[in-house]
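Summary of structural features
One letter stands for each residue in the lines below.
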Amino acid sequence: MTTPGPTAAPPRSLRGRIAYRDADGENVGHEHFELVGHEGGHLLRALCRIDEADLLRDVSLSMDHAWLPEEGYCRILRGGRAEAALWFRVAPGGVTIDASIRGTPLAQQFIATQQRLPYLGLHPLQGDALIVEQRGTAAPGQFLPIETVTNSISPNGDEATAGAHLFIDAAYIGEETIEVTAGRFAARRYALRWREDWPPADLWVRQEDNLFLLMRWSMIPTWYELTHWTDERPTA
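This next bit is on the pattern of salt bridges. For the structure shown, the criterion picks out 19 salt bridges. Arg 78 is paired through a salt bridge with Glu 83; the nearest N and O atoms lie 3.8 Å apart. For Arg 78, a relative accessible area of 27% gives the class partly exposed. The exposure class assigned to Glu 83 is buried, which follows from its relative accessible area of 15%. Each member of the salt-bridge network shares a partner with another, and the members are Arg 12, Arg 206, Glu 208, Asp 209 and Asp 231.

If you want it as structure tokens, here you go:
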């Protein structure tokens, strides 16, 4: 049983831009995201572009107050043409998925889960950061499994696009102060391992919530950092 991490109190609107960079620090893509807190929970919207793959990913994810997923949608375009579209609906016993590949509908898919699904991974970086809400900070240094359904088990999230069931091993490493283009932040560091034969990726989020700051993964040369952000809260 993991201990949930800190949550952001709604209402709020957290917006940001994440740069995708190559080994030389050059831009190779980007992500724009908005994380909205509302009376019923949280909503993430993200638009991701990977230049080399000519890939555009449009993601929407709805969560309750405990950051448990309720519904998700992912549309993938490559070269301006529809590659895949997937709609995920989470219920206590599993996840129902309706999908199409290049405009052709697929048979409806149902993935049974051991519990109410704690995490839905649709590949935006700010979406990756939300797994910290289910991992928390208990048992530092230990990898604990987080039950997950995802649209693709590939680094770019664009291969074999259908529902897949897995457990992401997540470890809380500790607190650090880091600097990215968006500024200097007190941060929490995590390690995420998607497959046993893959090395873990290092993830940093803002200490007080789940704002994505930085990710580095030795498996690929691309790394990711927050470059801009705004945090809007209502005033009395």
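Turning our attention to the side chain of Asp 64. Tracing the chain through its elements places Asp 64 in the loop between strand 4 (55–63) and strand 5 (69–78). Buried charge without a salt bridge: Asp 64, with Arg 116 as the nearest opposite-charge side chain at an N-O distance of 4.1 Å. Within the local environment of Asp 64, its side chain forms a polar contact with the backbone nitrogen of Ala 66, the two atoms lying 2.9 Å apart. If we ignore the near neighbours within four places in the chain, the residues touching Asp 64 are Gly 40, Gly 41, His 42, Glu 70 and Arg 116.

This brings us to the nonpolar core. Within soluble globular proteins, side chains that are nonpolar tend to cluster in buried spots. Counting 62 residues, the largest nonpolar core has Leu 213 and Met 215 as its most contacted members. When residues of this core are assigned to their parent elements, the largest contribution, six residues, is made by strand 12 (residues 164–180). Excluding anything up to four places from it in sequence, Leu 213 contacts Ile 178, Val 180, Phe 185, Ala 187, Trp 204, Val 205, Arg 206, Tyr 224, Glu 225 and Leu 226.

Summed over all chains, the structure comprises five aromatic pairs. Judged by centre distance (5.1 Å) and plane angle (85°), the ring pair of Tyr 20 and Tyr 224 falls under edge-to-face. With Tyr 20 in strand 1 (residues 12–21) and Tyr 224 in strand 16 (residues 223–232), this residue pair connects regions lying 204 residues apart in the sequence. Assigned by exposure class, Tyr 20 and Tyr 224 land together as buried. Through a chain of ring-to-ring contacts, three or more aromatic side chains come together here, namely Trp 194, Trp 198 and Trp 217. In this arrangement the basic side chain of Arg 89 is found over the ring face of Trp 87, its NZ or CZ atom lying 4.0 Å from the centre. The lysine or arginine in question, Arg 193, covers the ring of Phe 143, its NZ or CZ lying 4.2 Å from the ring centre.

Even without a glycine there, the phi angle at Asp 54 is positive, about 50°. The phi dihedral of Trp 67 is positive, around 65°, even though this residue is not glycine. Structurally, the position occupied by Trp 67 is in the loop between strand 4 and strand 5.

Before going further, it helps to examine the pairing of strand 11 (residues 143–150). Of all eight residues in strand 11, six are buried, a share of seventy percent or more. Relative to strand 11, strand 10 (residues 119–121) runs parallel, the two sharing three bridges. Each residue of the ladder has a partner; that of Gly 121, found in strand 11, is Thr 150. The pairing of strand 11 with strand 12 spans eight bridges and is classified as antiparallel.

Of the strand pairs in this sheet, strand 5 and strand 6 (residues 81–91) are connected by eight bridges, and their pairing is antiparallel. The residue bridging Cys 74 from the neighbouring strand is Leu 86, located in strand 6. Taking the residues that link successive antiparallel strands as the turn, the strand 5-strand 6 hairpin has two residues, and the phi of Gly 79 there is positive, at about 60°. Sheet topology note: the strand 6/strand 7 (residues 94–101) ladder contains eight bridges and is antiparallel. Following the sheet pairing, Arg 89 is matched in strand 7 by Thr 96. The turn joining strand 6 and strand 7, which pair antiparallel and follow one another in sequence, is formed by two residues.

The rules behind these values
Residues numbered from 1 in each chain as written. Predicted model: local features only at pLDDT ≥ 70, side-chain atom pairs only at ≥ 80, totals over all residues. Heavy atoms only, no water. Salt bridge = Lys/Arg side-chain N within 4 Å of Asp/Glu carboxyl O. Buried < 20%, exposed > 50% of the residue type's maximum accessible area, 1.4 Å probe, protein only. Helix = DSSP H or I, 4+ residues; strand = E, 2+ residues; numbered from the N terminus. Lys, Arg positive; Asp, Glu negative; His and termini not counted. Polar contact = N/O pair within 3.5 Å; in protein donor to acceptor, adjacent residues only side chain to side chain. Contact = heavy atoms within 4.5 Å. Core = buried A, V, L, I, M, F, W, Y, C linked by side-chain atoms within 4.5 Å. Phe/Tyr/Trp six-rings, centres within 6.5 Å; stacked < 30°, edge-to-face > 60°. Lys NZ or Arg CZ within 6 Å of the ring centre and 35° of its normal. Pairing = 2+ DSSP bridges.

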